[in-house]
Amino acid sequence: MTPQPDPAQPDPVLSTTTRLSLVAFLAATTEADFASVRDAVGLTDSNLSKHATALEAAGYISVRKGYVGRRPRTWLALTPAGRTALKIHVAALNAILAHTGEELARPT
Amino acid sequence: MTQYNADEARAALADIDSRTRQAVAADAPIQWPAVPLAALWLIAIGFFTDRPSAVAMPLFLGVAAVYVAGSFIVDRRRRVKSRARHWGVVRWAALVGSALLSGAVWFLTFQVLEPHTSLPHTLAGVATAVFMTVAAVVLNRRLGPRA
């Protein structure tokens, strides 16, 4: 079962810089291939694989394997649950900044 | 539970913003089809403007079909599919737009320019095609994403 993030708190699953970057990148896409995400976020294959597995287990991303021509390709996509979690996380971050009187980003 | 201080929250939000822009920028250039389209138009018009318009018109429409088929191939090869680019809309706009542009090339060449000017037939067709292609390139760029 997908964990329900607490609306008042930053999501612990997204609280590492790498996972947040990964989810933020995917939030702007319908899907992106493994290599593009790896290069964009600056990870190794194994690191991305570990984080993707954790995010998939949380229900935040989906992993699809397919082919382009004869070449195998792995696609990552943000799930609706992941998109909601990111929105809540951004809202929580903005709430922290609201105490200092500033807001940098709206939920994507 | 991880706690953020204000500086960390600010940095996290800035990172989210920059990753979003990065994903949009990583998508394939949208204006790509204009280049082969321009080449095909010029070749087609160069070869066929001395033929009856009944031959030229289906040829122009055939070029439009190649253009759309190419867009499907490129879409399949996209590695980052940005939400900012509505490729479905662009593809159908390309289909309808290419047919309309091809029709416009035919109409301007055979019905407007050729009967009323002393331009050679082929030159009139090429001039029209160049104009329409430039218009297509500009439109394609305008349809590009805004991060």
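Residues numbered from 1 in each chain as written. Chains lettered and ligands numbered in written order. Predicted model: local features only at pLDDT ≥ 70, side-chain atom pairs only at ≥ 80, totals over all residues.

**Student:** Is there a simple way to explain the overall build of chain A in this structure?
**Tutor:** What chain A contains, in helices and strands, is four helices and three strands. Listed by position from the N terminus, the elements making up chain A come as α-β-α-α-β-β-α. When each of the 108 residues of chain A is scored for burial, the buried share is 37%. A separation of at least 24 residues holds for 51% of the contacts in chain A among residues at least 6 apart in sequence. (Helix = DSSP H or I, 4+ residues; strand = E, 2+ residues; numbered from the N terminus. Buried ≥ 20, exposed ≤ 12 C-beta atoms within 10 Å, placed from the backbone. Contact = placed C-beta atoms within 7 Å.)

**Student:** Where do I start with the overall build of chain B in this structure?
**Tutor:** Counting secondary structure elements, chain B contains five helices and one strand. The linear arrangement of helices and strands in chain B, starting from the amino end, is α-α-α-β-α-α. With 147 residues in all, chain B has 29% of them scored as buried. Taking contacts inside chain B between residues at least 6 apart in sequence as the whole, the part at least 24 apart equals 77%.

**Student:** Help me understand the packing of helix H1 (residues 17–27) of chain A against helix H1 (residues 6–25) of chain B in this model?
**Tutor:** Helix packing for two helices is described by the angle between their axes and how far apart those axes are. Closest axis-to-axis distance for the H1(A)/H1(B) pair is 7 Å, and the angle between their directions is 40°. Relative to H1(B), H1(A) is oriented oblique. Where H1(A) crosses over H1(B), the two elements pack in a sense that is right-handed. Across the interface between the two elements, A:Thr17, A:Leu20, A:Ser21, A:Ala24, A:Phe25 and A:Ala27 of H1(A) pack against B:Ala12, B:Asp15, B:Ile16, B:Arg19, B:Thr20, B:Gln22 and B:Ala23 of H1(B). Looking at the contact of H1(A) with H1(B), its residues break down into seven nonpolar, four polar and two charged. (Axes fitted to C-alpha atoms, helices over the stretch in contact; angles between N-to-C directions. Parallel < 35°, antiparallel > 145°, perpendicular 65-115°, else oblique. Left-handed = near helix turned anticlockwise from the far one by under 90°. Nonpolar A, V, L, I, M, F, W, Y, C, P; charged D, E, K, R; others polar.)

**Student:** How do you make sense of the interface of chain A and chain B when you look at a structure like this?
**Tutor:** For interface size, the figure often reported is the accessible area lost on association. With 27 residues of chain A in contact, the opposing surface of chain B contributes 26 residues. With six residues, H1(A) is the largest single contributor of residues to the side of chain A that touches chain B. Looking at side-chain class alone, the side of chain A that touches chain B contains 16 nonpolar, nine polar and two charged residues. Bridge count between strand E1 (residues 29–33) of chain A and strand E1 (residues 80–82) of chain B: three bridges; the pairing is antiparallel. Residue A:Ala32 lies in a different strand from E1(B), and its bridge partner there is B:Val80. (Pairing = 2+ DSSP bridges.)

**Student:** How do you make sense of the sheet that holds strand E3 (residues 71–78) of chain A when you look at a structure like this?
**Tutor:** Hydrogen bonds between backbone groups are what pair the strands of a sheet, and the pairing can be parallel or antiparallel. Spatially, E2(A)-E3(A)-E1(A)-E1(B) is the arrangement adopted by the four strands of the open sheet, whose pairing is antiparallel. Two strands lie at the open edges of the sheet, namely strand E2 (61–68) of chain A together with E1 of chain B, each paired on one side alone. Neighbour-to-neighbour, the strand axes of this sheet turn through a mean angle of 25°, independent of strand direction. By the bridge criterion, eight bridges tie E2(A) to E3(A) in an arrangement that is antiparallel. The residue of E3(A) that forms the bridge with A:Ser62 is A:Ala77.

**Student:** Looking at this model, I keep getting lost on the pairing of E3(A). Mind explaining?
**Tutor:** Every other side chain in a regular strand lies on the same face of the sheet, so the side chains alternate between the two faces. Residue and element names in this part refer to chain A. Of the pairings in the sheet, the one linking E1 to E3 comprises two bridges and is antiparallel in character. Along E3, the bridge assignment pairs Ala 32 with Leu 76. Hairpin connection, E2 to E3: the antiparallel pair is bridged by two residues, and Gly 69 has positive phi, about 70°.

**Student:** Whenever I open this one, the nonpolar core confuses me. Can you help?
**Tutor:** The tendency in soluble globular proteins is for nonpolar side chains to be buried as a group. In this structure, A:Val23, A:Phe25, A:Leu26, A:Leu55 and A:Tyr60 are the most contacted members of the largest nonpolar core, which totals 36 residues. Breaking this core down by element, the ones donating at least two residues are H1, helix H2 (34–41), helix H3 (45–57), E3 and helix H4 (80–98) of chain A together with H1 of chain B. The contact partners of A:Leu55, leaving out residues within four places of it in the chain, are A:Val13, A:Arg19, A:Leu22, A:Val23, A:Tyr60 and A:Ile61. (Core = buried A, V, L, I, M, F, W, Y, C linked by C-beta atoms within 7 Å.)

**Student:** Is there a simple way to explain the environment of A:His89 in this structure?
**Tutor:** All names here are of chain A. On the secondary structure map, His 89 appears in helix H4. Spatially, the C-alpha atoms of His 89 and Pro 10 are 4.7 Å apart, while their sequence positions differ by 79 residues. Setting aside residues up to four positions removed in sequence, His 89 forms contacts with Pro 10, Asp 11 and Leu 14.

**Student:** Would you take a moment to explain H1(A) for this structure?
**Tutor:** Given 3.6 residues per turn, any residue in an α-helix points the same way as the ones three and four places further on. Counting buried residues along H1(A), nine of its 11 residues qualify, which places the element largely inside the surrounding structure. Listed as buried for H1(A) are A:Arg19, A:Leu20, A:Ser21, A:Leu22, A:Val23, A:Ala24, A:Phe25, A:Leu26 and A:Ala27.

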